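# Residue-level structural notes
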Amino acid sequence: MDDASGPVGAPLDAFASLQESTEVKGDAKGGAPAQQSKKRILLAAGLVGAGVVAVVGWILLRPIEVVVLTLFPQPVEIALSVVGRVQSRDTLEIRSKNAGQVAQLLHDEGDIVVKGAPLAVISSDVESAEATAASAREQAARAQFALTQLALTRAETLAAKGAVSSAALDNAKAAAKSAQAAMVAATSDRRAASARLGEFIVRAPMAGVVLLRPVDNGQVITPATTLFQLGSASAREIDAEVDEAFADDLRPGMAARAAPSGSSVIFAAHIREISPRVDPATGGRTIALSPDAGTALPPGRTVDVTVVIGVRPDALVVPREAILESGANPHVYVVDSKGMVNVRPIKIDAWPSLNAIVTGGVSAGDKIVLIPSQTRPSARVRPLETKALLPAPGG
């Protein structure tokens, strides 16, 4: 300490003055008795010791500093933060109509396909042979029909000249009609065989992206086996689960902020749908959010979502670390104008938030101890003001 008027300065000054006095007197008398000199030194040491004790006592008895936050009304955003996952709005399980062995898988996960694009081929040796035979029968029927048409033409020419009887002409006409009917039947058989064969080529029922391909080439499948999971390519949504206690406060159309997990890029979204069903295992309800146009998100991406419920214009906010027994009997330490620590029971909003929204027990201007472990009730402290507060609650 440099200030001579402080608790330590006075004893030191006294010691210095006494030492100077001893030196001057010793010089004047030509050497003082050793006994008198020792007494003066002991007296000076006693004064210094008393000063040190006084300083230590002053330090020990001085009120400790505690960090406090002065409450003031401020606008607080009431929001709910959840973690969601990007899903395709329309999702289809692609299966084969027929059992068999997978001959070839034409696409893999992540591939974008157009409507009608072939996805897989199922072995169809029997059906292929039947289609070939049906095609051959159709060709034979067409050839037979062509012959009967030539015969009918000759019969009509000869009949016009009177060279054949009417009965012969009628027979030629009947043969042509019969051949025509056989050709139509053969064509129908060929088309049916081709359609049957086509069922062994699995095609995309809509344009989209392959989300899942749980089978491999050569695997034997049944009509119940999922070959692909196909999701819509453009229409995406974010699905998230919300605790049923807070889902009742949500409404379709509510605005939200979203950001891919680990990214600082924030985009806007809104609630599209709220499921009425409560999952008995988790106690949550699923909400679907639609991102704004132009936001490209791959299916399966994890997204941090903050749904904005509303804004309270004049709320009092306290960091949760400053609250004691925040569950059953929440209370805080408040420092009064005399520096005395008082216990103050409070009421806090049940809404989940980073900082607690206080609805009763404290008022604007109260000084809240931010670290309760630094002090105790009825203790006298020196409040150290701080304006540092964790971000306002938003979920």
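Please refer to the structure placed before this passage.
Overview of the structure. (Residues numbered from 1 in each chain as written. Predicted model: local features only at pLDDT ≥ 70, side-chain atom pairs only at ≥ 80, totals over all residues. Heavy atoms only, no water.)

## Regarding the pattern of salt bridges
Definition in use: Note on definitions: salt bridges are taken to be side-chain nitrogens of Lys or Arg within 4 Å of carboxyl oxygens of Asp or Glu. Counting from the N terminus, the helices are the DSSP runs of H or I reaching at least four residues and the strands are the DSSP runs of E reaching at least two. Burial classes: relative accessible area under 20% of the type maximum marks a residue as buried, over 50% as exposed, and values in between as partly exposed (1.4 Å probe, protein chains only).
Taken as a whole and assessed by the stated rule, the structure comprises 14 salt bridges. Note that D248 is salt-bridged to R285, the shortest N-O span being 3.0 Å. Highlighted residues: D248 in the loop between α5 (244–247) and β12 (255–260) and R285 in strand β14 (residues 284–291), separated in sequence by 37 residues. Overall, the relative accessible area of 49% leaves D248 in the partly exposed class. E273 is the partner of R272 in a salt bridge, and the nearest nitrogen-oxygen pair spans 3.6 Å. Bridged by salt links that share partners, the residues D108, R213 and D216 form one connected network.

## Overview of the sheet that holds strand β9 (residues 220–221)
Put simply, the rule reads: Two strands are said to pair when DSSP picks up at least two bridges between them.
Taken together, the 4 strands give an open sheet; going across it, the order is β7-β6-β4-β9, and neighbouring strands pair in antiparallel fashion. Looking at which strands have only one partner, the edges of the open sheet turn out to be β7 (201–203) and β9.

## Things to note about the sheet that holds strand β10 (residues 226–232)
In spatial order, the strands read β3-β10-β8-β5; together these 4 strands make up an open sheet with antiparallel pairing. Two strands bound the open sheet, and with one partner strand each, they are β3 (91–95) and β5 (112–113). As judged from the 5 bridges shared by β3 and β10, these two strands associate in the antiparallel manner. Pairing of I94 across the sheet is with F228, part of β10.

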